[in-house]
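Reading the structure
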Amino acid sequence: MSIKREESSSQGKDIEQIKQSEAGRVKRLTQTFEDITLQKTQIHPNKRKSGFFSHAQAPVGSYSQRLDIDIPKLREIFGTLINLLQREEFDEDMKSELECIFPNYLKMLEERICDLDREDNGIVVAGETSSGKSTLINTLIGENILKSRTTENTATICRNWNSENIGLKVYNEKYECIHSKQDYTKEQLSDFRKEVQKFTDVGSMPNDCSFVDILFPVSLLKGKTILVDTPGVGGSKRLAELMMKYLQNAVAFVFVVNASNAGGLQDDRLPIILREILHYHSANKMPCFDPSDVIFVTNKWDVIFSSCEEDSDEDDITLTWEKVKASIKKHWGSVKDEQIFQISLKKMKEAANNQFKTEYVRFEEKLKEIIDRNHVSRKQKHLRFLDNILRVLQRVTCGRILSSKLSEVDHQKLAEKNNQTMEDLVRKKEQINKDLRSQLDSYICSLSDELMYYVCSVEGKTQILTPPGKKDIKEVHVFALERKVKERYICFLENWRQSPEVICVFQDLEQQIKDSFSTLKGKIEELEKELMGSQYSPPNKDITTSPGWFPVLDIAGTLSTIAGVVLSSLFSSDFQDERKSTVIDKMYEKCVRIYDKETVKNDLENIYGNHYRNVIEWMLDGSIGDDIRSLKKTVLQVYEKRNEYKAKHEKYQIFKEALKDLKLQIKETNDDIAKVLETTRL
């Protein structure tokens, strides 16, 4: 008995410690919110105290400043929610139901409150060494501040701020300012450039310099937007990690490509960046930036044009342009054609009007559009988060109120009905899971069969070995035959994986997943309606439904896997004495044997299968699963603790009205943002 008492006492202490820890966290969260609110009301946004972000200013009447009007409203909504979470009605039972969907809701609230007041929403500019990245930054700034070189120039992160003052601040890894000078004049720009170079150049930068803030009037930078210049892709691991941190909260990402350097892409680094972005995006750690918003600036087209003028071959320019775009799309599948730009930053400055100047203007317009859209996206995601939390609280509260109003008999009937509905919902979820996975397997198998039938057919072989626009394979010199057969076979496979026929099949599966998601969400809403009775209101689709909820498919870096297999597995030329057609046939057959049906299925599984299995798991075990677990707790607790909840009926009524008022605030704020979008024609 003494052992049991000790265990019980220990468990009691653990529970008490957890409660104290949570209470302490709520208190700290409240204090954080109050500190931020106090700072915002005491300091005018354009006259901040000297400090880490003292130089950021918003152009009066700018689009970003108009959207910043909604920040105080969002902050007020967060503050109201925090106060509600400290009320007596928000008891341990409510916490457990909320935590089924938001396990770390206090941490999430803290992060989002801090995000409201971020001062470094960056336009992140990256690119390979000598691609013209610094030249692009200078063009965006409107002044040659950063030094351009053919070798790596920027050795640290440079953050460019819009400021009436001209100067710079230098920080170490602890975010301590180790150098500051903010009183340069326009006449002292030469000295200013030297000072910037001193703290950013590879050869002169101090060892303790971690990043540099450059202060300069930049009309492009609105409100809290900054221009982040990163070292060339392929630099140190520490700087690469820093770049990814800025990308988490970026409003735009611009990647500069050296078009004159065989496409200008480093195959091993760009896919890594994409996968990191997708990871942050799917984990909801990237509040506004979307992978499909990436802008690619292909620079140094003057070199290509000059070369083609000497050879008088305009077709080479078109072929190079198509090659560059294909290379970019291969490594960043979600990029849009209208976000790939053909520019010569050097030639653009030499004439008031030329094709490169026109293209650059189009680039700036697209950049501004993406920045504005993502500023809105950040606020809308905060609203969705708030609305989703509020919906759980409303369902739990209204469920208790309805239960306390019912007679014992009606309460028992409702409980039995809800339990049956829950069982049906779980069975429906399991059946959908089975059907979707089976459909995915079927699609992969069917595509594999179709491909092998085609490559083994006479028509397929002819099309693969002599594709449109290429020399007939029989006209290729015998010593180049092996290489050409392999190249054309691999090229066909890579194009097939991304072909409309293949993508269309998986888009069909994607639609089935979305339809299944909607079906299950509808069932959940029906159960919520039963729990809430007359207090039920349909979810606000404008707020709670995100058009971009479906994870982006990453096919970057996977399309070349067969290249290594085929190139390393095929034999060398042993058929020089045989007839050319026999040589072609034998080499083609070798390719087909190496890349057989099982290999096709494995590749499709790696590229598409793994992605969609993860999506199905996320949807059913994550989003839908969390809803079901929370609903189960609500149904169980309303049934088992009816008398306890009945005693608190009046308090729950007051709590319900407070939640209703907060929901109205969320809707009004969302409507205000929609009006700004409409008036600015975003």
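Right above here is the structure, for reference.
Everything numeric here is computed off the predicted structure, so don't read it as measured data.

1. Points about the pattern of salt bridges
According to the stated counting rule, one finds 38 salt bridges in the structure shown. Here Lys651 makes a salt bridge to Glu88, at a shortest N to O gap of 2.8 Å. Of the two residues, Lys651 sits in helix H23 (residues 649-680) while Glu88 sits in the loop between helix H3 (70-84) and helix H4 (92-101), which places them 563 residues apart along the sequence. A salt bridge links Arg391 to Glu528; the nearest nitrogen and oxygen atoms lie 3.1 Å apart. Of this pair, Arg391 sits in helix H13 (residues 355-405) while Glu528 is found in helix H17 (residues 500-532), placing the two residues 137 residues apart along the sequence. The burial state of Arg391 is the same as that of Glu528; both residues are buried. Salt bridges sharing partners connect three or more residues here, namely Asp91, Glu97, Arg400 and Lys648.

2. Describing the sheet that holds strand E2 (residues 157-162)
Taken together, the nine strands give an open sheet; going across it, the order is E4-E3-E5-E2-E6-E1-E7-E8-E9, and neighbouring strands pair in mixed fashion. At either margin of the open sheet sits one strand with a lone partner, and together these are strand E4 (177-184) and strand E9 (340-342). Strand after strand, the sheet turns through a mean of 20° between neighbouring axes, direction not considered. Looking at chain direction, strand E7 (residues 252-258) and strand E8 (residues 295-299) are connected through five bridges and run parallel. Bridge pairing links Asn258 to Asn299 in E8. Here helix H7 (residues 189-200) sits on the sheet in contact with E2, strand E3 (166-171), E4 and strand E5 (211-216), set at roughly 15° to E3.

3. Side note on the packing of aromatic side chains
The tally for this structure, following the rule as stated, stands at 16 aromatic pairs. Between Tyr171 and Phe211, the aromatic rings sit 5.0 Å apart at their centres with planes inclined by 15°, giving stacked as the arrangement. Residue Tyr171 is found in strand E3, and its partner Phe211 is found in strand E5; the two are separated by 40 residues along the sequence. Each member of the pair, Tyr171 as well as Phe211, is classed as buried. Ring centres of Phe341 and Phe363 lie 5.7 Å apart, and the angle between their planes is 75°; this geometry places the pair in the edge-to-face category.

So, how was this worked out
- Residues numbered from 1 in each chain as written.
- Predicted model: local features only at pLDDT ≥ 70, side-chain atom pairs only at ≥ 80, totals over all residues.
- Heavy atoms only, no water.
- Salt bridge = Lys/Arg side-chain N within 4 Å of Asp/Glu carboxyl O.
- Helix = DSSP H or I, 4+ residues; strand = E, 2+ residues; numbered from the N terminus.
- Buried < 20%, exposed > 50% of the residue type's maximum accessible area, 1.4 Å probe, protein only.
- Pairing = 2+ DSSP bridges.
- Axes fitted to C-alpha atoms, helices over the stretch in contact; angles between N-to-C directions.
- Contact = heavy atoms within 4.5 Å.
- Phe/Tyr/Trp six-rings, centres within 6.5 Å; stacked < 30°, edge-to-face > 60°.

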